[in-house]
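The chain contents come next:
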Amino acid sequence: MTRALRAAVAAATGLALAFGPGLGGAVADPAIATEQFTFDRSLHLDGVQNARDVGGYRSTDGRIVRLGLVYRTGQLSNAGPADLAELSSRNVRFVDDLRTVYERMLAPDRMPGGASAHWNDVIGHAPPEIVATSLTGGTTMYTAFITAPGANEAFGSVLRDIIDTKGGAVLYHCTAGKDRTGWVTAVLLTLLGVDRGTVTQDYLLSNQFRNANPDDPINGVQSQWLDAAFDQARQLYGGFDAYVRDGLHLSEADIAALKAKMLV
């Protein structure tokens, strides 16, 4: 593929990724009939989609993931003054952007006061054919989260920011806050000992926060997509723990520090 064609495909992909999903405020977290889903985890931001706290879940050893340390959202390009003030009041210190350079150019983030931006491009270095298929979600995109050049480094960097941030919170996001953001959240919660069923339920909350039908591949998510990423990690690395160690390059000390910080 020529450089010009590659650039054209990537640019078109960036346009669709940046503007494809419908914009609008996040809706309140619906009541779900389990202990871990009955409280309101929404950040109630008007101009930022799918904005919620990652904490509040119970691990298999009975501890609880701390609230107020990690937030997941969609892009911050439409964040209004009240949204930015809310994020500042929540002491957001790092904003980790998982988007491609084209998405960032077309819809630059608006940053809350006191926060620093970190760019961790997940799929921008994948072959353009793979990036193009990611426009409709699906298993191809999720397996690329494991195999795409630079993806491991991007996801690992987010987790290290969570470990290293002192006296504040980390917010990470992609465009819609559902796919790239959904995978890093699934990895984080799994590392913290949250069971797979709960991890999947949290992932599927994107459908409700975005008022999306799961059969809508652009706006919604499907559990089999998440399964595809876990399956790819197992196939390529031999298991989730090996993926974390050899793919994301997190040491046992890193994981211990993450648990010490995030679990109570």
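The rules we used
Position labels on residues start from 1 in each chain and follow its written sequence. Per-residue local features of the predicted model are confined to residues with pLDDT of at least 70, and side-chain atom pairs are confined, for both listing and counting, to 80 or more; whole-chain, interface and lining totals are unaffected and use all residues. Only hydrogens and water are set aside; all other atoms, that is, all heavy atoms of the structure, feed into the side-chain values. Residue types Ala, Val, Leu, Ile, Met, Phe, Trp, Tyr and Cys, when buried and joined through side-chain atoms within 4.5 Å, form a set referred to as a nonpolar core. Burial classes: relative accessible area under 20% of the type maximum marks a residue as buried, over 50% as exposed, and values in between as partly exposed (1.4 Å probe, protein chains only). To qualify as a helix, a DSSP run of H or I must reach at least 4 residues; to qualify as a strand, a run of E must reach at least 2; elements of each kind are numbered from the N terminus. For this analysis, a ring pair means two rings from Phe, Tyr or Trp (six-membered ring only for Trp) whose centres lie within 6.5 Å, classed as stacked if their planes differ by under 30 degrees, edge-to-face if by over 60, and tilted for the remaining angles. By definition, two strands form a pair when at least two bridges between them are found by DSSP. We call two residues contacting when some pair of their heavy atoms lies within 4.5 Å. Lines fitted to the C-alpha atoms define the axes, with helices restricted to the stretch that makes contact. Angles between their N-to-C directions range from 0 to 180 degrees. Each angle gets one of four labels, with under 35 degrees taken as roughly parallel, over 145 as roughly antiparallel, 65 to 115 as roughly perpendicular, and the rest as oblique. The handedness criterion is simple: a crossing whose near helix is rotated anticlockwise from the far helix by less than a right angle is left-handed, and one whose near helix is rotated clockwise is right-handed. Ten residues, namely Ala, Val, Leu, Ile, Met, Phe, Trp, Tyr, Cys and Pro, are considered nonpolar, four, namely Asp, Glu, Lys and Arg, are considered charged, and the remaining ones, Gly among them, are considered polar. A score between 0 and 100, pLDDT records how confident the predictor is in each residue. A side-chain nitrogen of Lys or Arg and a carboxyl oxygen of Asp or Glu constitute a salt bridge if their distance falls within 4 Å.

## So, the nonpolar core
Part 1 of the reasoning: Of all hydrophobic cores here, the largest spans 53 residues; its most connected members are Phe155, Ile162, Trp183, Leu188 and Tyr243.
Part 2 of the reasoning: Elements supplying a minimum of two residues to this core: helix 5 (139–147), helix 6 (151–164), strand 5 (169–173), helix 7 (180–191), helix 8 (196–209), helix 9 (223–237), helix 10 (240–247) and helix 11 (252–262).
Part 3 of the reasoning: One finds Val48, Val95, Ala115 and Ala169 within the second-largest nonpolar core, a separate group that totals 14 residues.

## Looking at the packing of aromatic side chains
Each aromatic ring pair is described using two quantities: the centre-to-centre distance and the angle formed by the ring planes.
Part 1 of the reasoning: Counting across every chain of the model gives nine aromatic pairs.
Part 2 of the reasoning: The interplanar angle of 75° and the centroid separation of 4.9 Å between the aromatic rings of Trp183 and Phe230 together place this pair among those described as edge-to-face. With Trp183 in helix 7 and Phe230 in helix 9, this pair connects stretches of sequence that are 47 residues apart. Of the two residues, Trp183 and Phe230, neither departs from the other in class, the shared state being buried.
Part 3 of the reasoning: Between Phe240 and Tyr243, the ring centres sit 6.2 Å apart and the planes meet at 50°, which makes this aromatic pair tilted. With Phe240 and Tyr243 both in helix 10 and three residues apart, this pair spans about one turn of that helix. The residues Phe240 and Tyr243 share a single accessibility class, namely buried.
Part 4 of the reasoning: Three or more aromatic residues joined by ring pairs make a cluster, and in this case those are Tyr142, Phe145, Phe155, Tyr203 and Trp225.

## Considerations on the sheet that holds strand 5
Part 1 of the reasoning: Reading across from one edge, 1-2-5-3-4 is the order of the five strands in this open sheet, with mixed pairing throughout. Pairing within the sheet leaves two strands with one partner each, and these edge strands are strand 1 (52–53) and strand 4 (116–119).
Part 2 of the reasoning: Along the sheet, helix 6 contacts strand 2 (70–73), strand 3 (92–97), strand 4 and strand 5; its crossing angle with strand 5, the most-contacted strand, is approximately 165°.

## Things to note about helix 10
Part 1 of the reasoning: Here helix 10 has its buried residues at Phe240, Ala242, Tyr243, Val244 and Gly247.
Part 2 of the reasoning: Packed against the buried residues of helix 10 are helix 5, helix 6, helix 7, helix 9 and helix 11.

## A short note on the pairing of strand 3
Part 1 of the reasoning: Note: strand 3 against strand 5, five bridges, orientation parallel. By the bridge assignment for strand 5, Asp97 is matched with His173.
Part 2 of the reasoning: Two strands pair when backbone bridges link them, and strand 3 and strand 4 are joined in this way by four bridges, in the parallel orientation. Bridging from a neighbouring strand, Val95 pairs with Ala117 of strand 4.

## Digging into the packing of helix 7 against helix 8
Part 1 of the reasoning: With their axes 10 Å apart at the nearest point, helix 7 and helix 8 run at an angle of 155° to one another. When the interaxial angle is binned, helix 7 and helix 8 end up roughly antiparallel. Pair helix 7 / helix 8 crosses with right-handed handedness. Between helix 7, through Gly182, Thr185, Ala186, Leu189 and Thr190, and helix 8, the contact on the second element is made entirely by Val199, Asp202 and Tyr203.
Part 2 of the reasoning: Of the residues contributing to the contact of helix 7 with helix 8, the split by class is four nonpolar, three polar and one charged.

## Quick word on the confidence of the model for the protein chain
Do not read the fine detail of predicted coordinates wherever pLDDT is low.
Part 1 of the reasoning: Summing up the model confidence of the protein chain, the mean pLDDT is 86 and the portion of residues at 70 or higher is 84%.
Part 2 of the reasoning: This model gives residues 1–34 a pLDDT under 50, and the stretch forms 75 contacts once residues within four places in sequence are excluded.

## A closer look at the pattern of salt bridges
Part 1 of the reasoning: One pass over the structure, following the stated rule, counts 12 salt bridges.
Part 2 of the reasoning: In this structure, the salt-bridge partner of Asp97 is Arg104, at a minimum N-O distance of 3.1 Å.
Part 3 of the reasoning: By relative accessible area, which is 3% here, Asp97 ends up buried.
Part 4 of the reasoning: What makes Arg104 partly exposed here is its relative accessible area of 29%.
Part 5 of the reasoning: Salt-bridge contacts for Arg180 lead to Glu103; the nearest nitrogen and oxygen are separated by 2.9 Å. Of this pair, Arg180 sits in helix 7 while Glu103 sits in helix 3 (residues 101–106), and the two are 77 residues apart along the sequence.
Part 6 of the reasoning: What makes Arg180 buried here is its relative accessible area of 2%.
Part 7 of the reasoning: When its relative accessible area of 0% is taken as the criterion, Glu103 is described as buried.
Part 8 of the reasoning: Salt bridges sharing common partners tie together Asp97, Arg99, Arg104 and Asp109.

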